[in-house]
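# Architecture at a glance
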Amino acid sequence: MRITGETMLELVTSADGVALYIKEEDEEVPSAGISAKLTFFNSSGAKSEVTLTPVSGNKLEAKGVTIPSGSKVALQLTLADKVSKIGANFIIK
Amino acid sequence: MMIIASAITVAPARAHGIYFAQRATQLALIYGVGADDLDAVKRLPLVQNISGYDAEWNPIPTKLRAAGPLPLVDSESQPTVVAAVLFNGIWSRTPEGEWLKKGRDEVPNATISEKNFKYAVHIAGPLTAPLRPLPGQTLQIVPVDAALPALMGQPLKLRVLFQGKPVAGARVLTDFVNDPDGKPIKSAADGSVTIKVRNQGLNVICAIFDGPSDEPAKADKMEHLATLSFVLPHAPE
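Scoring rules and cut-offs
- Residues numbered from 1 in each chain as written.
- Chains lettered and ligands numbered in written order.
- Predicted model: local features only at pLDDT ≥ 70, side-chain atom pairs only at ≥ 80, totals over all residues.
- Helix = DSSP H or I, 4+ residues; strand = E, 2+ residues; numbered from the N terminus.
- Rg over C-alpha atoms; globule rule 2.2 N^0.38 Å.
- Buried ≥ 20, exposed ≤ 12 C-beta atoms within 10 Å, placed from the backbone.
- Contact = placed C-beta atoms within 7 Å.
- Core = buried A, V, L, I, M, F, W, Y, C linked by C-beta atoms within 7 Å.
- Nonpolar A, V, L, I, M, F, W, Y, C, P; charged D, E, K, R; others polar.
- pLDDT = per-residue confidence, 0-100.
- Pairing = 2+ DSSP bridges.

### Points about the overall build of chain B
Broken down by element type, chain B carries zero helices and 18 strands. In summary, chain B has a C-alpha radius of gyration of 18 Å against a globular reference of 18 Å for 237 residues, a match within 12%. Taking the principal axes of the C-alpha coordinates as reference, chain B spans close to 55 × 50 × 35 Å. Each of the 237 residues in chain B was classed as buried or not, and the buried ones make up 41%. Intrachain contacts of chain B at a sequence separation of at least 6 include 56% that bridge at least 24 residues.

Spelled out as structure tokens, the structure:
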């Protein structure tokens, strides 16, 4: 989980893929219109980019994606206005 | 009768720098010094270069987008490092102390004429290797190690590079925003300085170095002013 300013971003990895949940001041931010791009590198330095798409509520996801534990992930959200961008960094547990 | 006189001292443009900082959740290019945060959009035509890099130093397409008075960084994916170069022109100081945006060829009695270049590098995410010399950053401050300290007050060893090589005698300010008049530390023969990180928040470190002029008829020297900015996160609320 990362807090950038007032925005709380929770990145969840599972066997199904990757999900991102967005909140602001304890309220869910509708994911409609928002896009997210994850960038990470594997142990041999190969770069992967994954686009997450809105699902419902405050959730975006990418199915079938595996991010190894320990990976450093750079996340960029493009908000519903299509121009405003918010960045955050994660380390996958 | 009471006479009130006041004077407002305006810092000459050459004292200003560029750096990156978060504004309304987004990364902006700031033009200013100390608490002065000036109209950077007006100065966008002076920006010669804006670039972003991922954690493996691959370039990421990056541009600046004007949003009101702020140029915001607009990259195709989240960069680990962002950098910019701004050429502020040639300035001459008259014997009366006035700064004019003209060269010595137009102000022959100038006490000083100089070309002003501003550089900015921002570390936006964790580095997997030490910051490397970046294209276009004629003067650049690089942390010696990849990892930054976690807490303010901890030491940070830096190296100042000029044209990619360590340079002695660069004047380093440890807090360009909150202590712009601080006593500068000079870089050693190997370009190094060790500072204590000033802020649990935004840190903007500045280095100034005078290099030879490439147009001696117009400018006596080139003043290079470089900033390195990064954020140490605060404790969770």
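### Examining the overall build of chain A
Helix and strand content of chain A: zero helices and nine strands. When the helices and strands of chain A are read in sequence order from the N terminus, they spell out β-β-β-β-β-β-β-β-β. Computed over C-alpha atoms, the radius of gyration of chain A comes to 13 Å, within 12% of the 12 Å expected from 2.2 N^0.38 for 93 residues, which places it in the range of a compact globule. Counting only C-alpha atoms, chain A reaches 35 × 25 × 25 Å along its principal axes. The buried share of chain A, reckoned over its 93 residues, is 27%. Residue pairs at least 24 apart in sequence account for 50% of intrachain contacts in chain A once pairs closer than 6 positions are excluded.

### Focus on the nonpolar core
A general trend in soluble globular proteins is that nonpolar side chains are found buried together. With 74 residues, the main nonpolar core has A:Leu75, B:Leu29, B:Ala84, B:Ala120, B:Val160, B:Ile205 and B:Ala207 as its most contacted residues. Ignoring any residue separated from it by four or fewer positions in sequence, one finds B:Val160 in contact with B:Ile141, B:Pro166, B:Val167, B:Ala170, B:Val172, B:Ser187, B:Gly191, B:Val193 and B:Ala207.

### Things to note about the environment of B:Gly17
Residues and elements named next belong to chain B. By secondary structure assignment, the location of Gly17 is in strand S1 (residues 17-23). Each C-alpha atom of the pair Gly17 and Ser187 lies 19 Å from the other, and the pair is 170 residues apart in sequence. The contacts of Gly17, once residues within four sequence positions are left out, are Val33, Lys118, Phe176, Cys206, Leu225 and Thr227.

### Here we look at the interface of chain A and chain B
The partner chain B presents 15 residues to the 19 residues of chain A that form the contact. Those elements that provide at least two residues to the side of chain A that touches chain B are strand S5 (35-41), strand S6 (47-56), strand S8 (72-78) and strand S9 (85-91) of chain A. Per-class residue counts for the side of chain A that touches chain B are five nonpolar, nine polar and five charged.

### Topic: the confidence of the model for chain A
Do not read the fine detail of predicted coordinates wherever pLDDT is low. Across chain A, the average pLDDT comes to 89, with 96% of residues at or above 70. Across chain A, the element-wise mean pLDDT spans from 65 in strand S1 (residues 2-4) of chain A up to 96 in strand S7 (residues 59-63) of chain A.

### A few points about the pairing of S7(A)
Side-chain positions along a regular strand alternate between the two faces of the sheet. Residues and elements named next belong to chain A. Where strand S3 (residues 17-24) meets S7, five bridges bridge the pair, whose relative direction is antiparallel. Bridging across to S7, Val18 finds its partner in Ala62. Sheet analysis places S6 next to S7, joined by three bridges and oriented antiparallel. Residue pairing in the sheet places Pro54 in a bridge with Leu60 of S7. Counting the residues between successive antiparallel strands, the hairpin from S6 to S7 contains two residues, one of them, Gly57, with a positive phi of roughly 55°.

### Some details on the pairing of strand S2 (residues 7-13) of chain A
All names here are of chain A. Relative to S3, S2 is paired through seven bridges, and the arrangement is antiparallel. When the bridges of S3 are listed, Val12 appears paired with Ala19. Between the end of S2 and the start of S3, which pair antiparallel, lie three residues.

### Re the environment of B:Asn116
Of note, B:Asn116 is situated in strand S10 (residues 112-123). In this structure the C-alpha to C-alpha distance between B:Asn116 and B:Ala207, which are 91 residues apart in sequence, comes to 13 Å.

### Some remarks on the environment of B:Gly125
Relative to the helices and strands, B:Gly125 resides in the loop between S10 and strand S11 (139-143). The buried category is assigned to B:Gly125, around which 21 C-beta atoms lie within 10 Å. With sequence-adjacent residues up to four places away left out, B:Gly125 is seen in contact with A:Ala74, A:Asn89, B:Ala55 and B:Thr80.

### A look at unusual backbone geometry
Here A:Lys82, not a glycine, exhibits a phi torsion of approximately 70°, which is positive. Phi is positive for B:Thr25, which is not a glycine, with a value near 75°. Along the chain, the position of B:Thr25 falls in the loop between S1 and strand S2 (26-33).

### Some thoughts on the confidence of the model for chain B
Residue and element names in this part refer to chain B. For chain B, per-residue confidence averages 92 on the pLDDT scale, and residues scoring 70 or more make up 94% of the total. Note on residues 1-11: pLDDT under 50 across the span, and three contacts to partners over four residues away in sequence or across chains. Interface confidence for the predicted complex, expressed as ipTM, amounts to 0.76; the pTM equals 0.88.

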